[in-house]
Amino acid sequence: MGRSVKQNSRTICRYLRKASQAGADLVHFSECVLSGYVGTDFPNFNRYDWELLKEETQKIIALAAELHLWVVLGSTHKLTEPNKPHNSLYLINPRGKIVDRYDKRFCTQGDLRRMTPGNRFVNFKIKGVKCSLLICFDLRFPEIYRELYKEGVNCILQSFYNAKQAGPSIHTHIMRQTMQCHAACNYFWVSMANSSGYYSPYPSCFIQPDGKIVRQLRTNHPGIMVNTIDLRKKFYDPMKEYRNTAIAEKLDNSSKKINDPRSRNTTTL
């Protein structure tokens, strides 16, 4: 995806049709997949064609209704000037309605020069699975995931734009690994949708609640994968009995307070 909103829209619609043919309930796209990413695909919003963005968004909404699909669509949401826009995910239902919008809560320093952070979660249920939307840099803040665990979320749909880089970067070694940790520490299913624009340091992937990546796309190639969330399945979760203990700020799992001088004395053998 890139700076051409029309071309982005055509590609999105093509993948919506493919997802429908594959029997998907929801289609999850990457960060700013429709609008392009300011600072990478274009330098700023001077002379940005907001009316065109609106028209192409409406086409995608209409197609979602035609195909009876839920869609999580990465884009940019204009605010009243002089406020800077939001980096957003539109949640579109199978009747062709925008039912909510998640705005990236934590922006990078570069983002903050051009974008306004959001301040709320977007949680929703599909076929009994409680999902939540997040975007890219949010992953650096584990407090977000703990809060979503407390809210009973089962699945994180997180969109990324780590792409069009000069070459291999630290993102290869930290981004998916961080999300694997969030999955395992909070027992989440995770869909990571990353842009594939060359050079993309890691491909989109799907993570199960024990932290294992179970499917992924090809690096630097656009593609589609269909994954299934089955809440009846049980996964390795050694934290299960103690997770709520830690959340309650009891940072050990002893059953009683020990009263032993050999325990208190930490400077002798």
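Everything discussed here concerns the structure shown above.
The following paragraphs examine the structure supplied in this document. (Residues numbered from 1 in each chain as written. Predicted model: local features only at pLDDT ≥ 70, side-chain atom pairs only at ≥ 80, totals over all residues. Heavy atoms only, no water.)

Side note on the overall build of the protein
Working step 1: Assigned secondary structure in the protein consists of seven helices and ten strands.
Working step 2: The C-alpha radius of gyration computed for the protein amounts to 21 Å, which stays within 12% of the reference 18 Å derived for 269 residues, consistent with globular compactness.
Working step 3: The principal-axis extents of the C-alpha atoms in the protein amount to approximately 75 × 40 × 35 Å.
Working step 4: Evaluated residue by residue, the protein yields a buried proportion of 46% over its 269 residues.
Working step 5: Residue pairs at least 24 apart in sequence account for 61% of intrachain contacts in the protein once pairs closer than 6 positions are excluded.
Working step 6: A total of about 14700 Å² of accessible surface is found on the protein, and carbon and sulfur atoms cover 50% of it.
Working step 7: Charge separation in the protein, taken as the distance between the mean sites of 40 positive and 23 negative side-chain charges, equals 3 Å. (Helix = DSSP H or I, 4+ residues; strand = E, 2+ residues; numbered from the N terminus. Rg over C-alpha atoms; globule rule 2.2 N^0.38 Å. Buried < 20%, exposed > 50% of the residue type's maximum accessible area, 1.4 Å probe, protein only. Contact = heavy atoms within 4.5 Å. Areas by Shrake-Rupley, 256 points an atom, 1.4 Å probe, with all protein chains shown as cover. Lys, Arg positive; Asp, Glu negative; His and termini not counted. Charge placed at Lys NZ, Arg CZ, Asp CG, Glu CD.)

A closer look at the pattern of salt bridges
Working step 1: Evaluated as defined, the whole model comprises eleven salt bridges.
Working step 2: For Glu56, the salt bridge is made with Lys59, and the minimal N-O distance between the two is 3.0 Å. Residue Glu56 and its partner Lys59 are located together in helix H2 (residues 50-67), separated by three residues, close to a single helical turn.
Working step 3: According to the relative accessible area criterion, Glu56 is buried, its value standing at 3%.
Working step 4: Given a relative accessible area of 48%, Lys59 falls into the partly exposed group.
Working step 5: Between Arg232 and Asp230 there is a salt bridge, with the nearest N and O atoms lying 3.0 Å from each other. (Salt bridge = Lys/Arg side-chain N within 4 Å of Asp/Glu carboxyl O.)

Digging into helix H1 (residues 5-21)
In an α-helix, one turn spans 3.6 residues; hence positions three or four apart end up facing the same way.
Working step 1: Along its 17 residues, H1 runs 24 Å from first to last C-alpha, staying within 8% of the 24 Å computed at 1.5 Å per residue.
Working step 2: Within the sequence span of H1, burial applies to Val5, Asn8, Ser9, Thr11, Ile12, Cys13, Tyr15, Leu16 and Ala19.
Working step 3: Contacts made by the buried residues of H1 are with strand E1 (26-28), H2 and strand E2 (70-77).
Working step 4: Just downstream of H1 lies Gly23, where phi reads positive at about 85°. (Expected span 1.5 Å × (residues − 1).)

Quick notes on the sheet that holds strand E6 (residues 129-135)
Working step 1: With mixed pairing, six strands are arranged side by side in an open sheet as E5-E6-E7-E8-E9-E10. Unpaired on one side and paired on the other, strand E5 (123-126) and strand E10 (213-216) mark the two borders of the sheet. For this sheet, the mean inter-axis angle between neighbouring strands, taken without regard to orientation, is 20°.
Working step 2: Sheet strands touched by helix H4 (residues 142-150): E5, E6 and strand E7 (155-160). Its angle to E6, the strand with the most contacts, is close to 160°. (Pairing = 2+ DSSP bridges. Axes fitted to C-alpha atoms, helices over the stretch in contact; angles between N-to-C directions.)

So, the sheet that holds strand E3 (residues 86-92)
Working step 1: In space, the four strands of this open sheet follow the order E1-E2-E3-E4, with mixed pairing throughout. Each of the sheet's edge strands pairs with one partner strand only, and the pair in question is E1 and strand E4 (98-103). Strand after strand, the sheet turns through a mean of 30° between neighbouring axes, direction not considered.
Working step 2: Sheet analysis places E1 next to E2, joined by three bridges and oriented parallel. In the strand pairing of E2, His28 is matched with Val72.
Working step 3: H2 contacts E2, E3 and E4 of the sheet and is inclined by roughly 175° relative to E2.

Comments concerning the environment of Tyr145
Working step 1: Within the secondary structure, Tyr145 sits in helix H4.
Working step 2: Expressed as a C-alpha distance, the spacing of Tyr145 and Phe188, which sit 43 residues apart in the sequence, is 9.2 Å.
Working step 3: Each residue touching Tyr145, except ones within four places of it in the same chain, is listed here: Leu134, Asp138, Leu139, Ile156, Gln158, Met179, His182, Asn186 and Phe188.

Concerning the packing of H1 against H2
When two helices pack together, their arrangement is given by the angle between their axes and by how far apart the axes lie.
Working step 1: Between H1 and H2, the shortest axis-to-axis distance is 10 Å and the interhelical angle comes to 10°. The angle between H1 and H2 places the two elements in the roughly parallel class. In this structure, H1 uses Val5, Lys6, Ser9, Ile12, Cys13, Leu16, Arg17 and Ser20 to contact H2, whose residues at the interface are Leu52, Leu53, Glu56, Ile60, Leu63 and Leu67.
Working step 2: Of the residues assigned to the contact of H1 with H2, the class counts are nine nonpolar, two polar and three charged. (Parallel < 35°, antiparallel > 145°, perpendicular 65-115°, else oblique. Nonpolar A, V, L, I, M, F, W, Y, C, P; charged D, E, K, R; others polar.)

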